[in-house]
Number of protein chains: 4
Amino acid sequence: MEKIKVGILGATGSVGQKFISLLSDHPVFEIHELAASERSAGKVYKNAMKWILDAELNENIGKKIIKKAGEKLESRVLFSALDSGVAGELETYYAKNGHAVISNARNHRTDPDVPLIIPEVNPEHLEMIKYQKYGEGFIVTNPNCSTIGAVLALKPLHDKFGIKKLNIVTMQAMSGAGYPGLSSMDIFDNVVPYISGEEDKIETEPNKIFGKLSENGIIEHENIKISAQCNRVNVIDGHLETIQVTFDKKVEKVQIIEAWHDFESIPYKEGCYSAPKNPIRYFHEDNYPQPRIHRNLGNGMTVSTGRLRECKFFDYKFVVLSHNTVRGAAGGTILIAELLEKNGIIK
Amino acid sequence: MEKIKVGILGATGSVGQKFISLLSDHPVFEIHELAASERSAGKVYKNAMKWILDAELNENIGKKIIKKAGEKLESRVLFSALDSGVAGELETYYAKNGHAVISNARNHRTDPDVPLIIPEVNPEHLEMIKYQKYGEGFIVTNPNCSTIGAVLALKPLHDKFGIKKLNIVTMQAMSGAGYPGLSSMDIFDNVVPYISGEEDKIETEPNKIFGKLSENGIIEHENIKISAQCNRVNVIDGHLETIQVTFDKKVEKVQIIEAWHDFESIPYKEGCYSAPKNPIRYFHEDNYPQPRIHRNLGNGMTVSTGRLRECKFFDYKFVVLSHNTVRGAAGGTILIAELLEKNGIIK
Amino acid sequence: MEKIKVGILGATGSVGQKFISLLSDHPVFEIHELAASERSAGKVYKNAMKWILDAELNENIGKKIIKKAGEKLESRVLFSALDSGVAGELETYYAKNGHAVISNARNHRTDPDVPLIIPEVNPEHLEMIKYQKYGEGFIVTNPNCSTIGAVLALKPLHDKFGIKKLNIVTMQAMSGAGYPGLSSMDIFDNVVPYISGEEDKIETEPNKIFGKLSENGIIEHENIKISAQCNRVNVIDGHLETIQVTFDKKVEKVQIIEAWHDFESIPYKEGCYSAPKNPIRYFHEDNYPQPRIHRNLGNGMTVSTGRLRECKFFDYKFVVLSHNTVRGAAGGTILIAELLEKNGIIK
Amino acid sequence: MEKIKVGILGATGSVGQKFISLLSDHPVFEIHELAASERSAGKVYKNAMKWILDAELNENIGKKIIKKAGEKLESRVLFSALDSGVAGELETYYAKNGHAVISNARNHRTDPDVPLIIPEVNPEHLEMIKYQKYGEGFIVTNPNCSTIGAVLALKPLHDKFGIKKLNIVTMQAMSGAGYPGLSSMDIFDNVVPYISGEEDKIETEPNKIFGKLSENGIIEHENIKISAQCNRVNVIDGHLETIQVTFDKKVEKVQIIEAWHDFESIPYKEGCYSAPKNPIRYFHEDNYPQPRIHRNLGNGMTVSTGRLRECKFFDYKFVVLSHNTVRGAAGGTILIAELLEKNGIIK
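Residues numbered from 1 in each chain as written. Chains lettered and ligands numbered in written order. Predicted model: local features only at pLDDT ≥ 70, side-chain atom pairs only at ≥ 80, totals over all residues. Heavy atoms only, no water.

For the match of chain D to chain C, the screw axis carries a shift of 0.0 Å, the RMSD comes to 0.0 Å, and the turn is 180°. Taken together, the rotation and translation describe the operation of a two-fold axis. Of every C-alpha in chain D, the one belonging to D:Asn234 sits nearest the axis of rotation, 3.0 Å from it. (Least-squares fit on C-alpha atoms with pLDDT ≥ 70 in both.)

Laying chain C over chain A is done by rotating through 180° and shifting 0.0 Å along the axis; what remains is an RMSD of 0.0 Å. Interface overlap between copies is the fraction of interface residues in one copy that are interface residues in the other; for chain C against chain A it reaches 100%, indicating a shared surface. (Contact = heavy atoms within 4.5 Å.)

This part is about the sheet that holds strand E2 (residues 29–36) of chain D. Sheet strands pair by backbone hydrogen bonding; their relative direction is either parallel or antiparallel. All names here are of chain D. Spatially, the six strands line up as an open sheet ordered E3-E2-E1-E4-E5-E6, and their pairing is parallel. In this open sheet, the two edge strands, each paired with only one partner strand, are strand E3 (67–68) and strand E6 (138–141). Against the sheet, helix H1 (residues 14–23) makes contact with strand E1 (4–9), E2 and strand E4 (77–80), and its axis sits at roughly 160° relative to E1, the strand it touches most. (Pairing = 2+ DSSP bridges. Helix = DSSP H or I, 4+ residues; strand = E, 2+ residues; numbered from the N terminus. Axes fitted to C-alpha atoms, helices over the stretch in contact; angles between N-to-C directions.)

Residue and element names in this part refer to chain A. By the assigned domains, chain A splits into domain 1 (4–144 + 330–342) and domain 2 (145–323). Of note, the centres of domain 1 and domain 2, computed from C-alpha atoms alone, are 24 Å apart. Across the boundary between the two partners, domain 1 contributes 34 residues, which contact 36 residues of domain 2. Where domain 1 abuts domain 2, roughly 2,800 Å² becomes buried across the two surfaces, and 66% of that area is made up of carbon and sulfur atoms. When the buried area of domain 1 at its contact with domain 2 is split by residue, Glu-120, Val-121 and Asn-144 rank highest and sum to 27% of it. Remark: the boundary between domain 1 and domain 2 carries 16 residue pairs in polar contact (both at pLDDT 80 or more). Ranked by residue count, the leading element in the side of domain 1 that touches domain 2 is helix H11 (residues 326–342), at seven residues. Here the side of domain 1 that touches domain 2 is composed, by residue class, of 15 nonpolar, nine polar and ten charged. (Domains from an automatic or database assignment. Buried area = accessible area lost by both parts, 1.4 Å probe. Polar contact = N/O pair within 3.5 Å; in protein donor to acceptor, adjacent residues only side chain to side chain. Nonpolar A, V, L, I, M, F, W, Y, C, P; charged D, E, K, R; others polar.)

A few words on the packing of helix H5 (residues 145–161) of chain C against helix H7 (residues 198–209) of chain C. Two quantities define a packed helix pair, namely the angle between the helix axes and the distance between the axes. All names here are of chain C. Between H5 and H7, the shortest axis-to-axis distance is 9 Å and the interhelical angle comes to 45°. Accordingly, the angle class assigned to the pair H5 and H7 is oblique. Once H5 is placed against H7, the crossing between them reads as right-handed. Here Cys-145, Ser-146, Thr-147 and Val-151 of H5 come into contact with H7, specifically with Glu-198, Lys-201, Ile-202, Glu-205, Pro-206 and Ile-209. Tallied by class, the residues present in the contact of H5 with H7 amount to five nonpolar, two polar and three charged. (Parallel < 35°, antiparallel > 145°, perpendicular 65-115°, else oblique. Left-handed = near helix turned anticlockwise from the far one by under 90°.)

Here we take up empty space enclosed by the protein. Under the defined criterion, the tally for this structure stands at two cavities of 30 Å³ or more. A volume near 40 Å³ is recorded for the largest cavity. Around the largest cavity, the lining residues are A:Met174, A:Ser184, A:Ile187, A:Phe188, A:Asn234, D:Met174, D:Ser184, D:Ile187, D:Phe188 and D:Asn234. Where the lining of the largest cavity is concerned, the elements lending two or more residues are helix H6 (184–187) of chain A together with helix H6 (184–187) of chain D. When grouped by side-chain class, the residues that make up the lining of the largest cavity number six nonpolar, four polar and no charged. Empty space within the second largest cavity amounts to approximately 40 Å³. At the level of elements, helix H6 (184–187) of chain B together with helix H6 (184–187) of chain C are the ones that each hand at least two residues to the lining of the second largest cavity. Across the lining of the second largest cavity, the residue classes tally to six nonpolar, four polar and no charged. (1 Å grid on protein atoms, 1.4 Å probe; cavity = no way out; pocket = protein on both sides within 12 Å on 5 of 7 lines; lining within 4 Å. Points joined across faces, edges and corners; volume = space filled by probe spheres on them.)

Attention now moves to the packing of helix H1 (residues 14–23) of chain C against helix H11 (residues 326–342) of chain C. Residues and elements named next belong to chain C. Axis separation between H1 and H11 bottoms out at 10 Å; the angle between their running directions is 55°. What the angle tells us is that H1 and H11 run oblique. Judged by the sense of rotation from one axis to the other, the crossing of H1 with H11 is right-handed. Here Val-15, Lys-18, Phe-19, Leu-22 and Leu-23 of H1 come into contact with H11, specifically with Val-326, Ala-329, Ala-330, Gly-331, Thr-333 and Ile-334. Per-class residue counts for the contact of H1 with H11 are eight nonpolar, two polar and one charged.

Many analyses report the size of an interface as the accessible area lost when the parts associate. Of the residues lining the interface, 49 residues belong to chain D; the matching set on chain C comes to 49 residues. Both sides together, the interface formed by chain D and chain C hides about 3,900 Å², and carbon and sulfur atoms give 53% of it. Between the two partners, chain D and chain C, sit ten salt bridges. Residues C:Arg295 and D:Asp189 are paired through a salt bridge, measuring 2.8 Å at the closest nitrogen-oxygen approach. Our count for the chain D to chain C interface comes out at 32 residue pairs in polar contact (both at pLDDT 80 or more). Taken together, the residues of the side of chain D that touches chain C break down into 25 nonpolar, ten polar and 14 charged. (Salt bridge = Lys/Arg side-chain N within 4 Å of Asp/Glu carboxyl O.)

Dropping the structure here:
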């Protein structure tokens, strides 16, 4: 079977690199093109950027000549790791030109006709694509990294018990700020109790993701009340979040753990390559999950939960951990593409 | 004027060292005796422990011979940095033998006749001392390090607006675990979402501290509803806490900032050496306060607040930072002693 | 083909865990038994230790009951991750009882009849086994973690140009101290310019490894003059070393790079599973290699070199990086076993 | 006595901030003017930069309006923390206009008529000032941060035993790279074995500093042979260096320790405010000095040494630690100014 040729927009940045790393040996997709800003265009990839991952850059991909983002590309499928300063227009341009744009950028997340997808959570929202205005092309987006961990862990609970309120405090990894991201002088021996724009994303995205798709392809947003407080900590990868939740129904602790345990993943059942069998893993140990030890579970695609206990102000409180650059960025976006491929939407 | 001779119980541990460091050049107190466990007793101090502070050990104190905790001591005032495994009995013993025991250990914090003091918050609770059963001696305790930062920041708000609910998530420094404390393998590149016993302390101590002293020396506990979630982060000193608060009254944001700004410190007014003029400092910058930059404000005795904003579930949310080994341990305990001295209770 | 059953001595410690992790899915070896001290013996493995690796513990191995080190074991091949306090006697005991003991402990490294093996460097020393006094059993040892990185990088240079002098300064990772190893308070924001016993090992082990095997199975030690200065840095895995070297012959820089590039690995040619094709990798970039980025090259078995330049006091200076718990400990030891298997010595 | 008014060139950067911090409460100097690039000129200081120090910005200084570097300034004495991209020309300009320019920038360090001063090492080189071509003004420079620690520790040894060879490996703190300096992604969990330009500075500056001043104000450089290898480590402040040294004479270990112990500081004897009584401190403990614990000795102006032992290739090896932003930058530069004031050269 021939692999589907894909292009990567914004290939030189940290998320672009992660796309390259995860797609270098992928059974369904094959990196055909790399595109980046004018500054890098025309250069050999390996000389045009500073590789910051510990997984090695594939030699053949390192030799590719970077194309200019905004010019004509050959691949039907484009993964976008574009900077939000340019992603909006460029993604629209490529969608209009017939490309399937699967994006990690935030620009189109709130477009009423663009689905915001976590493959295990709202695969049915991919239906929205056919109502889009882009002809052959379309845009699908991946949520914010902190949203993804929380919402995936909450999915089976929302399905079974109905979520009314969410109070979230995050402790987010440095890699979430991209590269170069934070100065070492700013985060070493420190916590920064603020991440620009992040709280707003966490407070709004879940209601779109959990929304109901109406007949005309419009999402009726869910109306969970959400408060978020975001902090940056001295950890390289892995966002940890404390979550307090109130349900519509009275729920026993054991039911929650069961709901996580029994959660069935549609992408896994459909055979998506990156989908972990059990996308949610509950730890009974008092002091788990922890970023350094558990972020790589399921090749970084499994979300870990722990410390579930009753709460005085909400029904329950617990912690969630997810790998922000895999599950929360490149890996999650690739899983969307795998699901599109399994459903015949891209081929 | 002659200085008051003091002894330090548990002098070899990390809090004991901090006591020594802060008292080495103190205008009111003079380190007369050091006491520790059998293992160290009889040894020259500087050879009996591993000094872990960056402030240098005073040479004369380094030469003192360590006495055995549990044997007769000469100093009327004893600062206790004893391990909770032995602090309960030993502190009782010394109080019964006429000593003023001012303790950083948790053992007697919940005793109904023992005051739990933050000098700027509840100095009037020192009255309880005269109802104690120890004769000439007495015991006063310092709250948990995370409690102190939060409660000091909340004091002017509780006085003016009445606090009903508190939802707290902490990001606590490694030094809070003592020495050797955490293995480097456990906290490097990591967050540990659990600290044994800590959440319970934060959920109960504030209600004693904010309690009303009745005529018979008994504290009528306040009944603020409190939920705490505690995390250990890769920071050496400085506990950061996100706090969500609901008041009895409707309050404007500006009133809260004013309340912090106008807060008057009794220990400062009484001339206590370690009392900062403004014990609470509000930062208007979005990303402040931060442990590395602000923990040493007011020689580590000032508590910093920031990010005050409205909350969907509580009235307001904000962050608090305090230096856990200074304001939250040795420094706070010494300030209690200074206040006792100013009030003629120790001399 | 049936896998060879192996046991792991000292299975609960950090090196023991790494053995388990690397052997859980090994094509030649199968973990049959786990042994540890009395404290752990009789317990289910997953409950008997604190798993500190980010790779997950294999479920089946987690269920094994730990046997007591010192009692009879069934596996012919035993990997030893025993603490040096007990390794000497226990390894002798098992060798005498017919086991092939392949050890990461330091105790028998200097025994005149025990080979000290880096599979790519001195595979011919395995001949020594037949001169050992243990009957069917034998002992083979793995060198110190810092020795391994340096000596492997120096092997092709020694073969071609003859090494006379080595001046080494190390910057070693925290994981080298085992678990719990260093207190977080001791190594955070710090460098410790001392590692007990380490300098001596680096100054002596290379001369045994580079030694000539005489007819009676005795090693004639090489006599390279070596000076080592060892430091512990705030890095989790990966020892970086600056090396200054003087050769017997005049050598051009390009010859050294060629020697590294052309180096052929006997274990790789013999098909050993863990042997990387190119065990030495030279980086031309000024600021490479770096622990976080390059320690995992070749699944942690490749040694990286860089910054080769002329030196005023020696002929050349350069840096070497190697993964201390893979190439420098469990991985290197397993590669010895793979080589023994390929040569029919264990089966 | 009136304080001497001083200006700070490059006041907004990390070294500029350190100058401000150290001069805010100085008994001899008073900050009169702040100058910076066009981008900051005209702004109120506290709004024009991001304060990165844990010591608080003095309120009055925070209110000063920044002047433009390159325009006329009023203060006779100017401390330069200018970026090397502009320092060369601007410092010349101010010297020509009658200012005493005391600089931490590297541009004029190698000028044959500009002294390169460590006040305890070569105060006599200040004589060179009168041979300068700048009329009333002059330029004095502070050496590189790594040079300073090493050379100060070597001064008494060079005086007594004559140094012939130096082999140096550094482990340098992040703050040495300024702000923002290194990306957190580049140095966290890492060592970078390269610092641009640094090795050359360490190999050349000591020979100027140790040089003899001839009658015409020209320095006859010393000819110690020096090799340096520089590494960046995950430490915030404090450069640690391993040093191997060969002397002209045969020396006993005890003589070296005595030389350090007995070293008399001219700036201290002359009453310079920042001069520590004992600028060199030898530690007998195996694992000392360490950056986190010892960098602040003598308010950051004391250099620590330790681990002195014989060496196979040189006479001795030992380690040196110095605070790179205090002793190695702003603090060292201020001490030069204090010495100039004591000698009546500035007033």
